[in-house]
Amino acid sequence: MKYIAFVEQRSGQIKKNGFEVVRASSNLAKETNSEVIAVIIGKNISSLASELGGFGANKVIVIDDARLENYSTTAFASIINQVVKKENGNILFLSATAMGRDLAPRLSVKLNAGLAVDCTSLKNENGKIIATRPVYAGKGLIEVSLTTSVQIFSLRPNVFNAGDSSNEQATIENFTPELNDEDFKVQVVAVETSSGKKDVAESSIIVSGGRGLRESGNFGLVEKLAEVLGAAVGASRAVVDAGWRPHEEQVGQTGKTVSPTLYIAVGISGAVQHLAGMSSSKCIVAINKDKEAPIFSIANYGITGDAFEILPALTSQLKIFFGKS
Amino acid sequence: MKILVCVAHVPDTETKVKISSDGISIDQSGVNFMLNPYDEIAIEEGLKSREKFTGEVTAISVGGDSSKESLRKALAMGCDKAVLLKINSVCDSNGVAELISNFAKEYQPEIIFFGKQSIDYDSSIVGGAVAEKLNLASISVVVKLEIENLEVTAQREIEGGHEIVKTKLPAVIIAQKGLNTPRYPSLKGIMDAKRKPIEERIVDAPAKLVEVNLMKIPPAKPAGKIIGSDASAVPELIKLLHEEAKVI
């Protein structure tokens, strides 16, 4: 079998999720005796190809073209489709990021391939891949298999471990796809990054605040703690709907579903729809005055007290802790 | 301008998931269903586009009779027409995309709006798949949209920022929270919606590409420790995070 792994890069750097996809494909490939072909697309990105052998790619196909500096849904989908067909790829893996989620449905149609999105685990059963993915924002899990000969799996970022790079080297091949103007009919013309701000979907530590903070100005306490931890700031639906925080920070069923290593919930009672979005976090800390708050039922560690007193203490003591270690 | 908005009828966000006896879906007893929240944003954007360009907004849904409830809400918000593509068996996302694109080929809309994902299966497949099947431009997770003389400029959400995307109509636009604030149906809207017909078409569900083998509830987390009730618990918390959980 041939596995194709699409590796996302932005601004000339491979995203962590790109390494995760290559490693996850490679782990399965060992069981099924398959070849892993990584694909990387962009402008002036050829030098990145050599990083992928160490994560398990056997071959890296590089598409380096000045027109591909910014993302284009139509052009990228066309290129990946051409690569899968040219290589007779059986399975395509990509990351369930904004880019991967955008590309996967188009590729599903182009390749007439079944698609399982946002998978959190993959296993091989007699050569067939069984994927587990959350539904209802994590309130349920389904195990799915695909009925088509070409199959696509997108993997939830931050769940599959990329591991350390080895000294293995992959064969590197340049590919010039056929692209016409029509392929660029949707085009990103600029990228605006929120400077210094971490995204909840990508961060391994999240500090989230809710109604218990009483007013938007008090989110400064959450931001300070997040800064010390190098964490992203998250928010409950209640405070997003109240306009205290931007919607991109919302964690939960109508926000983002996250699986960080550490999730600190401050003044969040834990409505069903919030818990759904974060209960798969590896370690959950809850700080809430209300002892009966549902958040404590899923928290590994809880402090049933006043956030206005606990947060400053936690922030300053963590500063000392990190200063020493 | 003809505008198509695709909507789904889904269990509400307060639903506690229980597995049905078939082992592959949720037990629907006692579950309240509602119009998918992201689709309300899609409807609102459809209505705003009609206000700007004139024309009509048609809401479409694939499902059973119960989906009429969400189509009725779409009409109450102000959509002009509603179409139910009625299926008797379960359909996966690619199947829904197939049925909607067949309708769109006949209806020929200039814009098709979708919500980012339906909050049951969270797949976000249908919008992109419809665009591909119809060979249309598409922009997903849109948080800002401007359309002038068929030129579309949108902001789409990416990790840690936004992309500014340009394309031309006709196009598929997939709405993310933040794009607008959906209006509440007015009393008059609700009354009018009762009189507007919902066109029903019985269609065959396309073959499934994805087979659900089983559904389960994620393993419950073992009860955690309450380590204190004030700031004096902080040193213990840091110690546990470092030594026991090993997360800092």
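Data block above holds the structure.
Computed from a prediction, not measured in an experiment: that's the story for all the values here.

Things to note about the overall build of chain A
No. 1: Within chain A, the secondary structure is distributed over seven helices and 18 strands.
No. 2: Whereas a compact globule of 325 residues would reach a radius of gyration of roughly 20 Å, chain A reaches 21 Å, a difference of no more than 12%.
No. 3: For chain A, the residues scored as buried account for 64% of the 325 residues in total.
No. 4: Taking as baseline every contact in chain A between residues at least 6 positions apart, the subset at least 24 positions apart corresponds to 64%.
No. 5: Side-chain charges in chain A split into 33 positive and 33 negative, and the spacing between the mean points of these groups amounts to 4 Å.

So, unusual backbone geometry
Residues and elements named next belong to chain B.
No. 1: Across the junction of Leu169 and Pro170, the peptide omega takes the value 0 degrees, indicating a cis bond.
No. 2: Inspection of the secondary structure puts Pro170 in the loop between strand E9 (161-168) and strand E10 (171-175).
No. 3: Phi at Thr54 takes a positive value of approximately 60 degrees, unusual for a residue other than glycine.
No. 4: Residue Thr54 is classed as exposed on the basis of its relative accessible area, which comes to 53%.
No. 5: Even without a glycine there, the phi angle at Asn149 is positive, about 45 degrees.
No. 6: Topologically, Asn149 is positioned in the loop between strand E7 (137-148) and strand E8 (151-158).

Section: the packing of helix H3 (residues 93-107) of chain B against helix H4 (residues 126-133) of chain B
Residue and element names in this part refer to chain B.
No. 1: Where H3 contacts H4, the two axes come as close as 9 Å, and the packing angle between them is 50 degrees. Considering the angle they form, H3 stands oblique to H4. Note on packing geometry: the crossing formed by H3 with H4 is right-handed. Listed contacts from H4 to Ser93, Asn94, Val96, Ala97, Glu98, Ile100 and Ser101 of H3 are Val126, Ala129, Val130 and Lys133.
No. 2: Looking at the contact of H3 with H4 residue by residue, the class counts come to six nonpolar, three polar and two charged.

Examining the pattern of salt bridges
No. 1: One pass over the structure, following the stated rule, counts 47 salt bridges over all chains.
No. 2: With its nearest N and O atoms 3.7 Å apart, the salt bridge here joins Glu125 of chain A to Lys123 of chain A.
No. 3: In this structure, Arg50 of chain B and Asp80 of chain B form a salt bridge, with 2.8 Å as the shortest nitrogen-oxygen distance. Within this pair, whereas Arg50 of chain B is found in helix H1 (residues 37-53), its partner Asp80 of chain B is found in the loop between helix H2 (68-77) and strand E5 (81-86), the two being separated by 30 residues in sequence.
No. 4: The buried category is assigned to Arg50 of chain B, whose relative accessible area is 17%.
No. 5: For Asp80 of chain B, a relative accessible area of 33% puts it in the partly exposed group.
No. 6: Three or more residues joined by partner-sharing salt bridges are found here, namely Lys2, Lys59, Lys86, Glu87 and Glu173 of chain A.

Topic: the sheet that holds strand E12 (residues 210-216) of chain B
In any sheet, the strands associate via hydrogen bonds between backbone groups, in a parallel or an antiparallel arrangement.
No. 1: With antiparallel pairing, four strands are arranged side by side in an open sheet as E8(A)-E9(A)-E10(A)-E12(B). Only two strands of the sheet have a single neighbouring strand rather than two, namely strand E8 (121-125) of chain A together with E12 of chain B. Each neighbouring strand pair of the sheet contributes to a mean axis angle of 30 degrees, computed without reference to strand direction.
No. 2: Two strands pair when backbone bridges link them, and strand E9 (residues 128-135) of chain A and strand E10 (residues 140-146) of chain A are joined in this way by five bridges, in the antiparallel orientation. Bridge pairing in E10 of chain A links Pro134 of chain A to Leu141 of chain A.
No. 3: Across the sheet, helix H1 (residues 16-32) of chain A is in contact with E8 and E9 of chain A; its angle to E8 of chain A comes to roughly 10 degrees.

Thresholds, definitions, all that
Residues numbered from 1 in each chain as written. Chains lettered and ligands numbered in written order. Predicted model: local features only at pLDDT ≥ 70, side-chain atom pairs only at ≥ 80, totals over all residues. Heavy atoms only, no water. Helix = DSSP H or I, 4+ residues; strand = E, 2+ residues; numbered from the N terminus. Rg over C-alpha atoms; globule rule 2.2 N^0.38 Å. Buried < 20%, exposed > 50% of the residue type's maximum accessible area, 1.4 Å probe, protein only. Contact = heavy atoms within 4.5 Å. Lys, Arg positive; Asp, Glu negative; His and termini not counted. Charge placed at Lys NZ, Arg CZ, Asp CG, Glu CD. Axes fitted to C-alpha atoms, helices over the stretch in contact; angles between N-to-C directions. Parallel < 35°, antiparallel > 145°, perpendicular 65-115°, else oblique. Left-handed = near helix turned anticlockwise from the far one by under 90°. Nonpolar A, V, L, I, M, F, W, Y, C, P; charged D, E, K, R; others polar. Salt bridge = Lys/Arg side-chain N within 4 Å of Asp/Glu carboxyl O. Pairing = 2+ DSSP bridges.

That's the geometry; what it means functionally is another story.
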